[in-house]
Amino acid sequence: MARRRQIYEGKAKVIFEGPEPGTLVQYFKDDATAFNNQKRGTITGKGVLNNRISEYLMTRIGEIGVPTHFVRRLNMREQLIKEVEIIPIEVVVRNVAAGSLSKRLGIEEGQSLPRSIIEYYYKSDELGDPMVGEEHITAFGWAAPQELDEMVAMSLRVNDFLSGLFFGVGIRLIDFKIEYGRHYTNEDMRIVLADEISPDSCRLWDLHTNEKMDKDRFRRDMGNVAEAYQEVARRLGILPESGPTDIKGPKVMQ
Ligand code: UDP
C-alpha cells in the first residue's frame, strides 16, 4: 500500500493512484459508518466480501451494456477502476419501503411500492447528504439535464437487472444507492456507473424469511454482519473455494 500515492480516503474505501494514467486502485476497508458518521465500527472481513461482491455485480451489469468504472479485481481488497469525475449525487432506487422513506412518510417497512421510486441526495458530509430534487441538481449544475436523464435510465435498468439477479438466489432487492462519474476519453465523455454495489449500499432481504442481509444489521446492532454479507456472496456463488482466507471469523466490534 505504501508504494502507491493515496488520492482519497473515504469511510469504507481508499483510492490510490493506478498503475497507468487514467486508472485508480480502489481498496476496500473493514470500517463501517452509519448515521452520518455518528456510528462507527469495524466488520472483520467486510472489505474482502464487498470487493468480491461489487466485482461480480459490476461485471454482470457491464455485460448487459451498462458502462461501469470497473476494470478488474487485483487482489482480496483491491480493484482496478477507471478514473472518473464523480457526479456529487447519490441515486437511491427503491422497490419496497424501508429506512429513511419509511421514517419520512410513515410507510411501514416491507410494504411494496406501487412502482420503483428514484431519489437523489447531494453528496456532502457537512450537510449530511440532504435529499434534493431534479431542479436543484440542474440549477446548481451538479449534473446537466441530459446527464440526469441518462442516470435515471441506467438506474432503472440496473434495478430491473439486479432485482432479477437477486431474486434468482432467494434475495429481495429492497433498495440501493448508486453513484455515477464522467469518464473522459480524448474528446469524448461518457456517464458510467462508479463507486461500489455491495451489501453496504443495498438493502437485501431473504425472500422467504425477510431476514436482513445488509448493512442494516450494523446500523441496528443486529449482529452477524459479516456472516450475512458472506451468505450473500455464497448465494451469488462467488465465495473463494478455499474460503475467504483474509477473514478471521465474523465479528463486529464497535
Ligand atoms: N445508502 C447508502 N449510503 C448512504 C445512504 C443510503 O448506501 O449514504 C443506501 C442504503 O444502504 C439503502 C438505500 O441507500 O440501501 C436507501 O437508504 P435510506 O435513504 O433508507 O437511508 P438510511 O435509512 O440508510 O439512512
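Residues numbered from 1 in each chain as written. Predicted model: local features only at pLDDT ≥ 70, side-chain atom pairs only at ≥ 80, totals over all residues. Heavy atoms only, no water.

### Notes on the pattern of salt bridges
What counts here: When a carboxyl oxygen of Asp or Glu lies within 4 Å of a side-chain nitrogen of Lys or Arg, that pair is called a salt bridge. Helix numbering and strand numbering both begin at the N terminus, where a helix is a DSSP run of H or I of at least 4 residues and a strand a DSSP run of E of at least 2. Think of it in three bands: residues with accessible area under 20% of the maximum for their type are buried, residues over 50% are exposed, and the middle band is partly exposed, with areas taken using a 1.4 Å probe on protein chains only.
Enumeration according to the criterion identifies 31 salt bridges in this entry. Put simply, Arg52 and Glu55 hold a salt bridge, and the shortest N to O gap is 2.7 Å. Taken together, the residues Arg52 and Glu55, both in helix α1 (residues 46–63) and 3 residues apart, mark about one turn of the helix. Given the relative accessible area of 24%, Arg52 is considered partly exposed. Measuring nitrogen to oxygen at the nearest pair gives 2.7 Å for the salt bridge that ties Glu85 to Arg182. Here Glu85 is found in strand β8 (residues 85–86), whereas its partner Arg182 is found in strand β12 (residues 171–185), with 97 residues between them in sequence. Residue classification places Glu85 among the partly exposed positions, given a relative accessible area of 38%.

### Details of the site of the ligand
Short version of the rule: For this purpose, a residue is taken to be near a molecule or strand whenever a single non-hydrogen atom of the residue falls within 4 Å of it. Here a polar contact is taken to be a pair of N or O atoms separated by no more than 3.5 Å, where protein atoms must pair a possible hydrogen donor with a possible acceptor and residues adjacent in sequence count only if both atoms sit in side chains. Only the protein chains shown count as covering a residue, and every accessible area follows the Shrake-Rupley method with a 1.4 Å probe. All amino acids are sorted into three groups, where Ala, Val, Leu, Ile, Met, Phe, Trp, Tyr, Cys and Pro are nonpolar, Asp, Glu, Lys and Arg are charged, and the leftover types, Gly among them, are polar.
Lining the immediate environment of the ligand, one finds 16 residues, of which Arg94, Ser100, Asp175, Arg203 and Arg219 sit closest. Ser201 is positioned with one of its backbone polar atoms (N or O) 3.5 Å from an oxygen atom of the ligand. Contact with the protein chains removes 77% of the 510 Å² of surface that the ligand exposes when unbound. Looking at the shell around the ligand, the elements with two or more residues in it are β9 (89–96), α2 (99–105), β12 and β14 (202–206). Residue composition of the shell around the ligand, grouped by class: 5 nonpolar, 3 polar and 8 charged.

### Quick notes on helix α4 (residues 145–167)
What counts here: By this rule, a helix spans an expected 1.5 Å times one less than how many residues it contains.
Here α4 contains 23 residues, and its C-alpha end-to-end distance of 33 Å stays within 8% of the 33 Å for a straight helix at 1.5 Å per residue. Within α4, the full set of buried residues consists of Glu147, Leu148, Met151, Met154, Ser155, Val158, Asn159, Leu162, Leu165 and Phe166.

### Observations regarding the sheet that holds strand β1 (residues 6–9)
So the rule is basically this: For two strands to count as paired, DSSP must find a minimum of two bridges between them. Here the axes come from fitting lines to C-alpha atoms, over the contacting stretch only for helices, and the angles between their N-to-C directions go from 0 to 180 degrees. Whether two residues are in contact is decided by their heavy atoms, any of which lying within 4.5 Å being enough.
The strand order across the open sheet formed by 5 strands is β1-β2-β3-β7-β6, and the pairing between neighbours is antiparallel. Where the open sheet ends on each side, the last strands, each with one partner, are β1 and β6 (70–73). Along the sheet, successive strands turn relative to each other by an average axial angle of 25°, direction set aside. Summarising the sheet, strand β2 (residues 13–17) and strand β3 (residues 23–28) pair through 5 bridges and their orientation is antiparallel. From the neighbouring strand, Val14 faces β3, where its bridge partner is Tyr27. Sitting on the sheet, α1 is in contact with β3, β6 and β7 (78–82), with an inclination near 130° to β6.

### Thoughts on the packing of α1 against helix α6 (residues 225–236)
Our working definition: We call two directions roughly parallel when the angle between them is under 35 degrees, roughly antiparallel when it is over 145, roughly perpendicular when it lies between 65 and 115, and oblique otherwise. Left-handed describes a crossing whose near helix is turned anticlockwise from the far helix by less than a right angle; the clockwise case is right-handed.
Between α1 and α6, the shortest axis-to-axis distance is 10 Å and the interhelical angle comes to 30°. In this view, α1 runs roughly parallel relative to α6, as classed from their interaxial angle. The element α1 and its partner α6 pack so that their crossing is left-handed. Contacts from Lys46, Leu49, Asn50, Ile53, Tyr56 and Leu57 in α1 reach Ala226, Tyr229, Gln230, Val232, Ala233 and Leu236 in α6. Residues that form the contact of α1 with α6 fall into these classes: 9 nonpolar, 2 polar and 1 charged.

### Remarks on the packing of aromatic side chains
What counts here: In summary, the pairing rule links any two rings of Phe, Tyr or Trp, Trp by its six-membered ring, whose centres are within 6.5 Å, and it sorts them by plane angle into stacked for under 30 degrees, edge-to-face for over 60 and tilted for everything else. Think of it as a cone above the ring: NZ of Lys or CZ of Arg counts as a charge over the ring if it is within 6 Å of the ring centre and within 35 degrees of the ring normal.
For the structure on display, the rule yields 2 aromatic pairs. Plain terms: the ring middles of Tyr122 and Trp142 are 3.9 Å apart, the flat faces sit at 15° to each other, and that makes the pair stacked. Of this pair, Tyr122 sits in strand β10 (residues 112–122) while Trp142 sits in the loop between α3 (134–139) and α4, placing them 20 residues apart in sequence. When its relative accessible area of 16% is taken as the criterion, Trp142 is described as buried. With 5.2 Å between their ring centres and 35° between their planes, Phe140 and Trp142 make a pair best called tilted. Residue Phe140 is classed as exposed on the basis of its relative accessible area of 57%. Above the face of the Phe16 ring, Arg4 is positioned so that its terminal group lies 5.4 Å from the ring centre. Taking NZ or CZ as reference, Lys39 lies 5.0 Å from the ring centre of Phe218, over its face.

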